[in-house]
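Coordinate analysis (summary)
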Amino acid sequence: MSVLISTTVGDIVVDLRLTTAPSFSRNFLKLCKARYYDGHLFFNVIPNRFAQTGDPTGTGSGGCSVPALLSALLSTDPAPRFIADEPSTYDMQAKGLLLASKVCGLAHSNGSQFMVTTGSGPGNAVHDYNTSFKTATHFATVVEDEDGVLEKINSLFLDGGGRPLTDVRVERTHVLHDPFPDPPNFDELLGKLEAAFKEAGKKVDEDWDLESSPLQRKPREEKLEVRVSAAEKIEVEGEGEETEEQRVEREAEDKRKEAKSRAVVLEMLGDIHSADGKPPENVLFVCKLNPVTSDEDLELIFSRFDQGCKCEIQRDHLTGDSLNYAFVEFGTKAACTEAYFKMNNALIDDRRIKVDFSQSVAK
């Protein structure tokens, strides 16, 4: 079970430990599903140790469990604010661990707060930091951090209290599959929170497009002064404006990160084998075929470029009828390139075909 956590400095993917920490994992999933963490600040960072978030007040004393949230917002029967510890054996020197944060270090005080370890090795992470971590609930592990989020947070400049001088926030949490049933009245809770997010957005910016999955800028309960976002470029006096070349490079990098994030989501959904997969360089995509054209016909035509080429016309899985497009695989990139330049707009069975390099990672 995975959750994609989008922050102001990039995305991370975490895998939950449903077997060893079922109660807090369920609590975390439901809070993510309710968008409870939207806008939450990483308010406490200990370099090479951990970064802490999940408290809407930003003080380390706030936050609650899903039952308590339902009770507070829907005025139902009182519910416990915290969840009991679920201690398990884990590597206290490892980087990328998600641990439930105990409010004021008290036992069995796990609500919504959590920390992620940002260092590894002896004297780092939570190794020898505090004896209370020996009974901490290890509920998830970072499995993907292509944007270097942990390192970016770990390297932030801090004030005397351990708060970063530039704000890093959770922008959105994406739960791709939830194996746990929703608690009673959960849909009503989602409706109230969604309305609150839209209202918060309207107060910040009247021109904000509220229909495009609005993001909560910061929790209403936050008690800290807002600082400049770590994602913003700080203009230093004497520095020149961004050049055209820098702008193009920045936009290209933004598109690369967006494409990578989408690929990670598709991999988590099982639509693609790997987010790092690339289309093969020796396969052509051929479309606008005549329905009567067969695989053998295409192989005969394209064999002039490679005697061992393989053609596969895509067909309806029920009727077996041609879908009028195919993939042609060559033994070498050179043969594929030659076929691309010579066969585009060629006439096959009274149809002028279109040829392009395959963009499918499944081929």
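This one's a predicted model, so the numbers in the text were calculated from it and none came from an experiment. (Residues numbered from 1 in each chain as written. Predicted model: local features only at pLDDT ≥ 70, side-chain atom pairs only at ≥ 80, totals over all residues. Heavy atoms only, no water.)

Some points on the overall build of the chain
Within the chain, the secondary structure is distributed over seven helices and 14 strands. For the chain, buried positions account for 45% of its 363 residues. A sequence separation of at least 24 residues applies to 70% of the contacts in the chain between residues at least 6 apart. Element-wise, carbon and sulfur atoms account for 50% of the exposed surface of the chain, whose accessible area totals about 19,300 Å². (Helix = DSSP H or I, 4+ residues; strand = E, 2+ residues; numbered from the N terminus. Buried < 20%, exposed > 50% of the residue type's maximum accessible area, 1.4 Å probe, protein only. Contact = heavy atoms within 4.5 Å. Areas by Shrake-Rupley, 256 points an atom, 1.4 Å probe, with all protein chains shown as cover.)

Some thoughts on the packing of aromatic side chains
The tally for this structure, following the rule as stated, stands at 17 aromatic pairs. With centroids separated by 5.5 Å and ring planes inclined at 45 degrees, the aromatic side chains of Phe 28 and Tyr 37 adopt a geometry described as tilted. In this structure an aromatic cluster arises from ring pairing among Phe 24, Phe 28, Tyr 36, Tyr 37, Phe 114 and Phe 139. Here the guanidinium or amino end of Lys 30 rests over the ring plane of Phe 186, the centre of that ring lying 5.8 Å away. (Phe/Tyr/Trp six-rings, centres within 6.5 Å; stacked < 30°, edge-to-face > 60°. Lys NZ or Arg CZ within 6 Å of the ring centre and 35° of its normal.)

Observations regarding the pattern of salt bridges
For the structure on display, the rule yields 18 salt bridges. Measuring nitrogen to oxygen at the nearest pair gives 2.6 Å for the salt bridge that ties Asp 182 to Lys 30. One end of the pair, Asp 182, is in the loop between strand 8 (170-175) and helix 4 (186-204); the other, Lys 30, is in helix 1 (residues 22-33), and 152 residues separate them in sequence. Residue classification places Lys 30 among the buried positions, given a relative accessible area of 1%. Measuring nitrogen to oxygen at the nearest pair gives 2.7 Å for the salt bridge that ties Arg 247 to Glu 251. A residue pair is termed a helical-turn pair when its members lie 3 or 4 positions apart in one helix, as Arg 247 and Glu 251 do in helix 5 (residues 244-269) at four residues. The class of Arg 247 is partly exposed, set by a relative accessible area of 26%. Each of Lys 30, Lys 33, Asp 178 and Asp 182 takes part in salt bridges that share partners, so that together they form one network. (Salt bridge = Lys/Arg side-chain N within 4 Å of Asp/Glu carboxyl O.)

As for the environment of Val 355
Checked against the element boundaries, Val 355 lands in strand 14 (residues 354-357). Taking relative accessible area as the criterion, Val 355 reaches 6% and is therefore assigned buried. Taking C-alpha positions, Val 355 is 6.6 Å from Cys 287, a pair spaced 68 residues apart along the chain. For Val 355, the residues in contact, after removing those within four places along its chain, are Leu 284, Phe 285, Val 286, Tyr 340, Met 343 and Asn 344.

A closer look at the environment of Leu 29
The topology assignment puts Leu 29 in helix 1. Dropping the residues within four chain positions of it, Leu 29 is found in contact with Met 1, Val 3, Leu 16, Val 175, Asp 178, Pro 179 and Phe 180.

Let's talk about empty space enclosed by the protein
Evaluation of the coordinates by the stated rule reveals two cavities of 30 Å³ or more. Of the volumes computed, that of the largest cavity is approximately 90 Å³. Put simply, the parts of the chain that give the lining of the largest cavity at least two residues each are strand 2 (10-16) and helix 5. At four residues, helix 5 tops the list of elements feeding residues into the lining of the largest cavity. The residue makeup of the lining of the largest cavity, split by class, is four nonpolar, one polar and seven charged. Roughly 50 Å³ of internal volume is contained in the second largest cavity. (1 Å grid on protein atoms, 1.4 Å probe; cavity = no way out; pocket = protein on both sides within 12 Å on 5 of 7 lines; lining within 4 Å. Points joined across faces, edges and corners; volume = space filled by probe spheres on them. Nonpolar A, V, L, I, M, F, W, Y, C, P; charged D, E, K, R; others polar.)

A word on the nonpolar core
Counting 40 residues, the largest nonpolar core has Val 3, Val 14, Phe 28, Tyr 37, Leu 98, Phe 139 and Ile 153 as the members making the most contacts within it. Those residues in contact with Leu 98 that sit more than four places away from it in its chain are Val 14, Phe 114, Met 115, Val 116, Thr 137, His 138, Phe 139, Ala 140 and Val 142. Within the second largest apolar cluster, 20 residues are counted, among which are Val 286, Cys 309, Ile 313 and Val 355. (Core = buried A, V, L, I, M, F, W, Y, C linked by side-chain atoms within 4.5 Å.)

Comments concerning the packing of helix 1 against helix 2 (residues 66-74)
The interhelical angle for the contact between helix 1 and helix 2, taken along N-to-C directions, is 45 degrees, at an axis separation of 9 Å. Between helix 1 and helix 2, the angle falls in the class oblique. Here helix 1 contributes Asn 27, Lys 30 and Leu 31 to the contact with helix 2, which in turn contributes Val 66, Pro 67 and Leu 69. (Axes fitted to C-alpha atoms, helices over the stretch in contact; angles between N-to-C directions. Parallel < 35°, antiparallel > 145°, perpendicular 65-115°, else oblique.)

With respect to the sheet that holds strand 7 (residues 138-144)
Pairing between the strands of a sheet is mediated by backbone hydrogen bonds and can be parallel or antiparallel. On the basis of which strands lie adjacent, the open sheet formed by eight strands has the order 3-4-6-5-7-2-1-8 and antiparallel pairing. One side of each edge strand has no neighbouring strand; the edge strands of this open sheet are strand 3 (44-46) and strand 8. With strand direction ignored, the average angle separating the axes of adjacent strands in the sheet is 30 degrees. Strand direction decides the pairing type here: strand 5 (residues 97-102) and strand 6 (residues 110-117), joined by four bridges, are antiparallel. Its bridge partner lying in strand 6, Ala 100 is registered against Phe 114. Lying on the sheet, helix 1 is in contact with strand 1 (2-7), strand 2, strand 5, strand 6, strand 7 and strand 8; it crosses strand 6 at an angle near 95 degrees. (Pairing = 2+ DSSP bridges.)

Brief notes about helix 1
Here helix 1 is 12 residues long and its end C-alpha atoms lie 16 Å apart, about the 16 Å a rise of 1.5 Å per residue gives. Taken together, the buried positions of helix 1 are Phe 24, Ser 25, Asn 27, Phe 28, Leu 29, Lys 30, Leu 31 and Cys 32. Looking one or two residues past helix 1, Arg 35 carries a phi angle of roughly 60 degrees, positive in sign. (Expected span 1.5 Å × (residues − 1).)

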